[in-house]
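Per-entry structural report
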Amino acid sequence: MKKAYPAALEALFAKNDKVLSMDADLMRAIGTVKLWRDHPDRVIECGIAEANMIGAAAGLSSEGYIPLTHTFAAFASRRVMDQIFMSCAYAKLNVKMIGSDPGVVAQMNGGTHTANEDIAMMRTLPDVTVVEVTDTVALPQILEQAVAQYGTFYIRLPRCAVPRVYAQNARLILGRANVLREGKDVAIFACGIEVSAALDAAELLASEGVEATVMDVFTIQPLDRGAILEAAERTGAVVTAENHSINGGLGSAIAECLGEGCPVPMERVGNLGEFGDVGKLTDLMKRYHLTAKDIAEKARKVLARKQTI
Amino acid sequence: MEKEKKQELLAFAADIRTQVVSMISKVGSGHVGGSLSAADLMACLYGGQMCVDPKNPRWDGRDRIVMSKGHAGPVMYAALALKGFFPMEMLNTLNQPPTQLPSHTDRNRTPGVDMTTGSLGQGASTAAGIALALKLSGKEMYTYLILGDGECQEGQVWEAAGFAAAQKLNRLIAFLDYNGKQLDCEIAETLGGDPAFAQKFAAFGWNVIDVLQGNDVEAIWNAIDQAKTYSGEKPTMVVLHTVKGKGWSEAETQESCHSMSVTVAQAAQAAAEFAQQKR
């Protein structure tokens, strides 16, 4: 991702002279230092002052610029919530905020830097589009569509290499969940790094004769209610999977949607309401129950519940 | 300053104050103190220093303004209405839905308001962003920012101060309405003594103009002239030593006039006081 992100920005710069990149002293972390050197008039170093970065971005956008701000997800959300609320969302401005290394992807930065609540926070704000990047194919498409659509965006992005989910020619449309695998028994709705885990889980289940639908719900707000309700009706059993707290994130959003529109047995995979910790990604995924095995286990559980109805 | 110009500004300031207290009396209470302390500044900005077109509030060639102490909405609304941005009758709708004049300034509601404010400190950053946008676009217009003194207790103000200096935003002209009081107490009480605003902004890399008579239209006018003739790369901070509730004895003498109740009868008394201040 550290190559894909600056490359995507470079392409946006070439396409739209209003696009700017802003950072709060984490350009070396996200790989945009060369971009800064190459485009000193398009890349703004704001220093370790995230609140000011978000406010300045709002001011720039009020004059027609389209700033993409970056910092770690922890700081892009909880540190600047009020600035996002008032200067961006309430003021109806056009700022695209990138929060990198959410959840367990924070790895060695540990619990202090682990954002398991950012989706929950952003989802309570009116008019804020909340997106999670799945892989390097999704990234440029999501950024391009976010720039093309007026409004405040919060975009979650892992920095590390992540498993490829999409073929090079795959096309993502903002606001539409992507069906990656079709199956009649259970629907797994996932986002971020959990999408590839969900696909692996579907393989495990297939070996047991269970056919799972897997959907990448990369746009968490506004939710693709139609596609979610349709899949829930068709399968009658739902599992959600996210690298985020099960409280307030994708699982909650889908539970709200299904509770009102199609109540079926449902289980959530995600952080169970604990603080994060330092560790390697694979170890943290095991510790916080985010692996393909965890998803498959929840699928079996929800299928058992479905059979008792 | 020519005598006629000064007369005009004094009269404009008195009219602004009259409208501030009048509109607040229509809802019964509001942010009187910090509106009245900034009335003379508003008179200078809208009385000729700021380049605006009341018939075309979003004209691209205008100077921009951010009222970061957003609760002083009434003083901005009074100036805008008197200047012709919207009908005077609209002032009677302050805080009464569906109004275009909410307590705190809102860019999506009020003609002439360039930024939404209210949560203190944020206007410093948004104004810096606007000034940077104008600079990146090669535009010559000024961005005016009005900060409260209590507001400067917010850390974001100082984040923005460093950013504006680093970005060399020399067409950003900020004013600090240093009236010495916040809602609960005097500024000095929360900051452990003299806040030393002029020294602080100078240390942050700003061109600072300290105006001891911050409610004197001539002194403010001259300070803005001085800010405009400054040829360096720094942003400018004009520290205005003002009086909270300035011009209305009832407000000036209260222990706290930040937000106070105002009756229609009191507004009439205040108007009589303001009328005396026109020369």
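These numbers were taken from a predicted model, which means no experiment stands behind them.

Regarding the overall build of chain A
Of the regular secondary structure elements, chain A holds 13 helices and 12 strands. Against the globule reference of 19 Å for 309 residues, chain A gives a C-alpha radius of gyration of 19 Å, in line with a compact fold. Along the first, second and third principal axes, the C-alpha atoms of chain A reach 60 × 35 × 35 Å. In chain A, which comprises 309 residues, the proportion classed as buried is 58%. Sequence separation of at least 24 residues holds for 79% of the intrachain contacts in chain A that already meet a minimum separation of 6.

Here's the deal with the overall build of chain B
Secondary structure summary: chain B contains 11 helices and 7 strands in total. Taking 279 residues into account, the globule formula puts the C-alpha radius of gyration at 19 Å, and chain B, at 17 Å, falls close to it. Its C-alpha atoms give chain B principal-axis dimensions of about 50 × 45 × 40 Å. Burial status across chain B gives 56% buried among its 279 residues. Residue pairs at least 24 apart in sequence account for 76% of intrachain contacts in chain B once pairs closer than 6 positions are excluded.

Notes on helix α4 (residues 73-83) of chain B
Residue and element names in this part refer to chain B. The element α4 is extensively covered by neighbouring structure, given that 10 of its 11 residues are classed as buried. When α4 is considered as a whole, its buried residues turn out to be G73, P74, V75, M76, Y77, A78, A79, L80, A81 and L82. Close packing links the buried residues of α4 with α1 (3-27), β1 (29-30), α2 (33-36), α3 (39-49) and β2 (64-67). Looking one or two residues past α4, G84 carries a phi angle of roughly 100 degrees, positive in sign.

Focus: the UniProt feature "domain: Transketolase N-terminal" (unreviewed entry) in chain B
Under the UniProt annotation, "domain: Transketolase N-terminal" (unreviewed entry) lies at residues 13-269 of chain B. Spanning residues 13-269 of chain B, this segment combines 40% helix with 12% strand, and its end C-alpha atoms are found 17 Å apart.

Focus on the domain arrangement of chain A
Residues and elements named next belong to chain A. Structurally, chain A comprises domain 1 (4-157) and domain 2 (178-307). Counting from both sides, the interface comprises 23 residues of domain 1 and, opposite them, 29 residues of domain 2. At 5 residues, the largest contribution of residues to the side of domain 1 that touches domain 2 is made by strand β5 (residues 128-132). Its residues assigned to classes, the side of domain 1 that touches domain 2 comprises 11 nonpolar, 8 polar and 4 charged.

Thoughts on the sheet that holds strand β8 (residues 186-190) of chain A
Pairing between the strands of a sheet comes from backbone hydrogen bonds, and it takes one of two forms, parallel or antiparallel. Residues and elements named next belong to chain A. Here 5 strands make up an open sheet; going across it, the order is β7-β9-β8-β11-β12 and the pairing mixed. The open sheet has two edge strands with one neighbour each: β7 (178-181) and β12 (266-271). Each strand of the sheet is rotated relative to its neighbour by a mean of 25 degrees, with strand direction disregarded. Pairing analysis gives 5 bridges linking β8 to strand β9 (residues 212-216), with the strands arranged parallel.

A closer look at unusual backbone geometry
With omega at -5 degrees, the peptide bond leading from A:Q221 into A:P222 counts as cis. Going from B:P97 to B:P98, the amide bond is cis rather than trans, its omega being 0 degrees. Within the secondary structure, B:P98 is located in the loop between α4 and α5 (122-136). You will see that A:K92, though not glycine, has its phi angle at about 55 degrees, which is positive. Residue position: A:K92 is located in the loop between α6 (81-90) and β4 (96-100).

Here we look at the interface of chain A and chain B
Across the contact, 22 residues belong to chain A and 23 residues belong to chain B. Going through the elements one at a time, α4 (50-62) and α6 of chain A are the ones with two or more residues in the side of chain A that touches chain B. In terms of residue count, the dominant contributor to the side of chain A that touches chain B is α4(A) (9 residues).

Examining the sheet that holds strand β6 (residues 152-157) of chain A
Residues and elements named next belong to chain A. Ordered in space as β2-β1-β3-β4-β6-β5-β10, the 7 strands form an open sheet in which the pairing is mixed. The open sheet has two edge strands with one neighbour each: β2 (43-45) and β10 (219-221). Strand-to-strand twist across the sheet, computed as the mean angle between neighbouring axes with direction ignored, equals 20 degrees. This element, α4, spans β1 (19-23) and β3 (66-72) of the sheet and lies at about 170 degrees to β3.

Regarding the packing of α4(A) against α5(B)
As a packed pair, α4(A) and α5(B) sit with axes 6 Å apart at the nearest point and diverge in direction by 45 degrees. Relative to α5(B), the element α4(A) is oriented oblique. Like other packed secondary-structure pairs, α4(A) and α5(B) cross with a definite hand, here right-handed. Contacts from A:A51, A:N52, A:G55, A:A56, A:A57, A:A58, A:G59, A:L60 and A:S62 of α4(A) reach α5(B) at B:Q122, B:S125, B:T126, B:A127, B:A128, B:G129, B:I130, B:L132 and B:A133. A breakdown of the residues in the contact of α4(A) with α5(B) according to their chemical character gives 10 nonpolar, 8 polar and no charged.

Quick word on the packing of α4(A) against helix α6 (residues 155-166) of chain B
Contact pair α4(A) / α6(B): the axes reach a minimum separation of 8 Å and the direction vectors enclose 70 degrees. Taken together, the axis directions place α4(A) and α6(B) in an arrangement best described as roughly perpendicular. As for how α4(A) packs across α6(B), the hand of that crossing is right-handed. Here A:A51, A:N52, A:G55 and A:A56 of α4(A) come into contact with α6(B), specifically with B:Q156, B:E159, B:A160 and B:F163. Across the contact of α4(A) with α6(B), the residue classes break down as 4 nonpolar, 3 polar and 1 charged.

What to know about the environment of A:T308
When you line up the elements, A:T308 lands in the segment after α13 (292-307). When the C-alpha atoms of A:T308 and A:A296 are compared, they prove to be 19 Å apart, with 12 residues separating the residues in sequence.

Concerning the confidence of the model for chain B
Model confidence for chain B is summarised by a mean pLDDT of 97, while 100% of its residues fall at 70 or above. The ipTM, which scores confidence in the relative placement of chains, is 0.97 for this predicted complex, and the corresponding pTM is 0.97.

Here's the deal with the pairing of β3(A)
Residue and element names in this part refer to chain A. For β3, the buried fraction is high: 7 of the 7 residues fall into the buried class. Note: β1 against β3, 5 bridges, orientation parallel. Looking across to β3, one finds that D23 is bridged to H70. Here 5 bridges tie β3 to β4, and the two strands are oriented parallel to one another. Note that in β4 the partner of F72 across the bridge is S100.

Looking at helix α8 (residues 138-148) of chain A
For an α-helix, 3.6 residues make a turn, and residues three or four places apart therefore share a direction. Residues and elements named next belong to chain A. For α8, every residue scored as buried is listed here: A138, L139, I142, L143 and A146. One face of α8 carries all of its buried residues, which in axial projection span an arc of 120 degrees. Buried residues along α8 sit in contact with α1 (4-15), β4, β5 and β6.

Parameters and conventions
- Residues numbered from 1 in each chain as written.
- Chains lettered and ligands numbered in written order.
- Predicted model: local features only at pLDDT ≥ 70, side-chain atom pairs only at ≥ 80, totals over all residues.
- Helix = DSSP H or I, 4+ residues; strand = E, 2+ residues; numbered from the N terminus.
- Rg over C-alpha atoms; globule rule 2.2 N^0.38 Å.
- Buried ≥ 20, exposed ≤ 12 C-beta atoms within 10 Å, placed from the backbone.
- Contact = placed C-beta atoms within 7 Å.
- UniProt positions renumbered as here; feature names shortened; annotations may be inferred.
- Domains from an automatic or database assignment.
- Nonpolar A, V, L, I, M, F, W, Y, C, P; charged D, E, K, R; others polar.
- Pairing = 2+ DSSP bridges.
- Axes fitted to C-alpha atoms, helices over the stretch in contact; angles between N-to-C directions.
- Parallel < 35°, antiparallel > 145°, perpendicular 65-115°, else oblique.
- Left-handed = near helix turned anticlockwise from the far one by under 90°.
- pLDDT = per-residue confidence, 0-100.
- Arc of directions from axis to C-beta.

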